[in-house]
Amino acid sequence: MEKIEHYMKRRKQLASMMKSGVAVIPTAPERLRNRDAHYPYRFDSYFYYLTGFKEPEGVLVIVAEQAESVKQILFCRAKDPEREIWDGFRFGPERAKDAFGFDEAYAISEIDKILPELLGNQTTVFAALGNDAAWDQRITGWVNQVRAQSRNGVTAPGEIHDYRTLLDEMRLIKDDNELQIMRHAAEISVQAHRRAMQATRPDRYEYEVEAELLYTFYRHGAQSPAYTSIVAGGANACILHYIDNNAQLKQGDLLLIDAGCELEGYASDITRTFPVSGRFSSAQKDIYQLVLAAQMAAIEQVRPGNTWNDPHQAALRVLAQGFVDFGLCQGSVDSVLESEDYKRFYMHRTGHWLGLDVHDVGEYKQQGEWRTLCPGMTLTVEPGSYIRAAENVPQHFWDIGVRIEDDVLVTASGNELLTAAAPKTVTEIEELMQ
Ligand code: GLY
Ligand code: MN
Ligand code: MN
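Only a predicted model underlies this, so the values are computations on that prediction, with no experimental measurement involved. (Residues numbered from 1 in each chain as written. Chains lettered and ligands numbered in written order. Predicted model: local features only at pLDDT ≥ 70, side-chain atom pairs only at ≥ 80, totals over all residues. Heavy atoms only, no water.)

## Section: the coordination of the manganese ion (ligand 3)
Rule in force here: Because water is not among the atoms used, a metal site may look incomplete, as its donors are only the N, O and S atoms within 2.8 Å, or 3.2 Å for Na, K and Ca. Between 85 and 135 degrees for all angles marks four donors as tetrahedral; over 155 degrees for opposite donors together with 65 to 115 for all other angles marks four donors as square planar and six as octahedral; every other arrangement is irregular. Only DSSP runs of H or I with at least four residues qualify as helices, and only runs of E with at least two residues qualify as strands; both kinds are numbered from the N terminus onward. Accessible area is worked out with a 1.4 Å probe on protein chains only. A residue is then buried under 20% of its type maximum, exposed over 50%, and partly exposed in between.
Within the protein, Asp258 (OD), Asp258 (OD), Asp269 (OD) and Glu405 (OE) serve as the donor atoms for the manganese ion (ligand 3), at 2.0 to 2.4 Å. Classification of the site at the manganese ion (ligand 3) as irregular follows from its 6 donor atoms and the range of 57 to 169° in their angles at the metal. Between consecutive donor residues of the manganese ion (ligand 3), the sequence gaps follow D-x10-D-x135-E. If you look at the manganese ion (ligand 3) and the manganese ion (ligand 2), they sit 3.2 Å from each other and are both ligated by Asp269. A residue pair is termed long-range when its members are at least 10 positions apart, and Asp258 in strand β11 (residues 254-259) and Asp269 in the loop between β13 (266-267) and β14 (270-275) qualify at 11 residues. With respect to class, Asp258 is no different from Asp269; both count as buried.

Given below as C-alpha cells:
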C-alpha cells in the first residue's frame with residue numbers, strides 16, 4: 001500500500017464510525033520556548049495519524065453521511081514565498097490536496113468562513129472538547145454562527161462527540177505500516193543503549209552518556225527522543241522521573257537508562273540497568289536477576305486472550321517472592337501482595353500502551369474489567385525495584401535501583417519482543433561492557 005493510502009483508509013474508517021456529522025481535528029500549535037525561540041515542533045498525534053501531514057496550522061475536517069466519508073478536507077498554511085525564505089517549504093493547499101489524498105484543501109485563513117457552512121444542517125460535531133480552551137471557543141463560535149441562521153431554515157448541530165473516543169480504539173491496534181516504523185524505532189533505540197553501555201565508565205558524567213544516546217538517535221534518522229531520557233547513576237535510579245542527568249558516575253554503582261527515540265511520530269521506550277564498572281556486585285546481581293525474572297514472567301503473559309493486568313500480576317508475584325527471600329518484606333508472598341507492602345520497592349505499574357504517544361491512547365479497562373489483549377496491540381513491560389536507604393532494609397541493598405523495559409507486540413500466537421536485541425542478561429551485559 002502506498003503510504004498515503006494508509007491515512008486515507010484511516011479517515012474512511014473514522015467516517016464509518018462517526019456515521020454522520022462533521023469532525024474537526026486540529027494539529028498541535030507551535031509553542032514558544034522563550035522570546036523568538038520555539039520548542040521543536042511536534043504535530044498532534046490524532047491529526048498525524050489521519051493525515052501524515054507534519055506542518056503546523058493544519059486542520060482536518062471530515063464530513064460523514066450514512067457511515068461514508070463524503071468529504072475529506074485539509075486546511076493548511078497558504079504558500080508564502082516570503083515566509084518560505086525564512087522558515088522553509090510549505091505545501092500550500094493545492095499541493096497538499098494531491099500529496100495527502102484530500103477531496104478539498106483550503107488556506108487556514110479560510111476556515112472561519114467555510115466551517116459554519118459545513119456545519120449547517122448537521123446534527124453532530126466531533127471535537128476534542130477540553131483539550132484546548134481556544135479551540136473549544138472556536139468550535140462553539142462556529143456552531144453559534146450556524147444557529148444564528150435558524151430563521152433562514154438552517155439547523156445547527158445539537159450534539160458534540162469526542163473523536164478521541166473513536167480514534168483511541170483505532171490507534172490501539174497498530175497496522176502493518178505502523179509496526180514497520182515501530183520496529184525500526186526500536187532498532188535505533190537498541191543501538192543507542194548498546195552504545196551507552198559501551199561508553200559508560202567510572203568518573204564519566206550522566207550527561208556524557210545521554211549524549212551517546214542522542215547521538216545515536218539522530219545519527220540513524222530519528223527526529224527526537226520520545227521523552228526526556230533518564231540517565232540515573234547509583235541512588236538517582238531510585239528517583240523514578242530523574243532527568244537532571246548531571247551527576248558523576250561512581251565505580252561500584254549501577255546506571256539506569258530509560259531512553260527511546262521517536263521515529264516518524266512513533267515512540268520506542270527501553271530501560272536497561274547495568275554496572276558502571278562493567279561487573280555486577282553480588283547484591284546488585286540479586287536484585288537485577290529478580291527484576292529480570294519478573295520481566296520474563298510478565299512478557300510470558302503477553303498473548304491474545306490474556307488481560308491487560310496479567311503481565312503486571314505475574315511480575316508482582318515474582319517480585320514479592322524475591323522481596324521476601326531477600327528479607328526486604330516479611331510474611332508470605334500472598335500477604336505481601338494483599339497488604340501491598342511490595343510498594344515500598346515497586347510502586348508503579350508494569351507497562352503502558354506504546355505508539356504515537358509514549359504513553360499511548362486506549363482504555364485499559366472496559367465495562368470495569370481489564371481489557372483483553374489482541375494482536376496488533378503494542379505495550380511496554382517494565383518492572384523494577386527501587387531500594388532506598390532505610391532502617392529496616394538490609395544495608396547491602398541500599399541505593400540499588402533497577403528497571404528493565406522492553407517493547408512488546410501482541411501477535412496471533414503470543415508476542416514479538418521489538419527490543420530483544422538490547423543486552424539484558426548479566427552475561428550479555430558484562431560481555432558487551434568488557
Ligand atoms: N519512559 C517513560 C516510561 O517508561 O513510561
Ligand atoms: Mn515505559
Ligand atoms: Mn521508559
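## Remarks on the pattern of salt bridges
For side chains of opposite charge, pairing can occur when their charged atoms come near one another. Our working definition: In what follows, salt bridge is the name for a side-chain nitrogen of Lys or Arg lying within 4 Å of a carboxyl oxygen of Asp or Glu.
One pass over the structure, following the stated rule, counts 26 salt bridges. Where Asp98 meets Lys97, a salt bridge forms, and the shortest distance between an N and an O atom there is 3.8 Å. A salt bridge links Lys174 to Asp360; its shortest N-O distance comes to 2.9 Å. On the criterion of sequence distance, the pair formed by Lys174 in the loop between α7 (163-172) and α8 (176-199) and Asp360 in the loop between α12 (333-339) and β15 (365-366) is long-range, its members being 186 residues apart. Look at Asp360 and you get buried, because its relative accessible area is 5%. Overlapping salt bridges bring together Arg171, Lys174, Asp357 and Asp360 as one network.

## What to know about the nonpolar core
Quick note on the threshold: As used in this record, nonpolar core signifies buried Ala, Val, Leu, Ile, Met, Phe, Trp, Tyr and Cys residues forming a set joined through side-chain atoms within 4.5 Å. Working rule for contacts: check all heavy atoms of both residues, and any pair within 4.5 Å makes them a contact.
Of all hydrophobic cores here, the largest spans 107 residues; its most connected members are Ile25, Leu167, Ile257 and Phe323. Broken down by element, the residue count for this core peaks at 9 residues, all from helix α10 (residues 282-300). Sequence-distant contacts of Ile257, that is, excluding residues within four places in its chain, are made with His193, Ala196, Val209, Leu213, Ile230, Val231, Ile270, Thr271, Arg272 and Phe274. Core analysis: the next-biggest nonpolar cluster, separate from the first, contains 21 residues, Val61, Ile111, Leu118 and Val146 among them.

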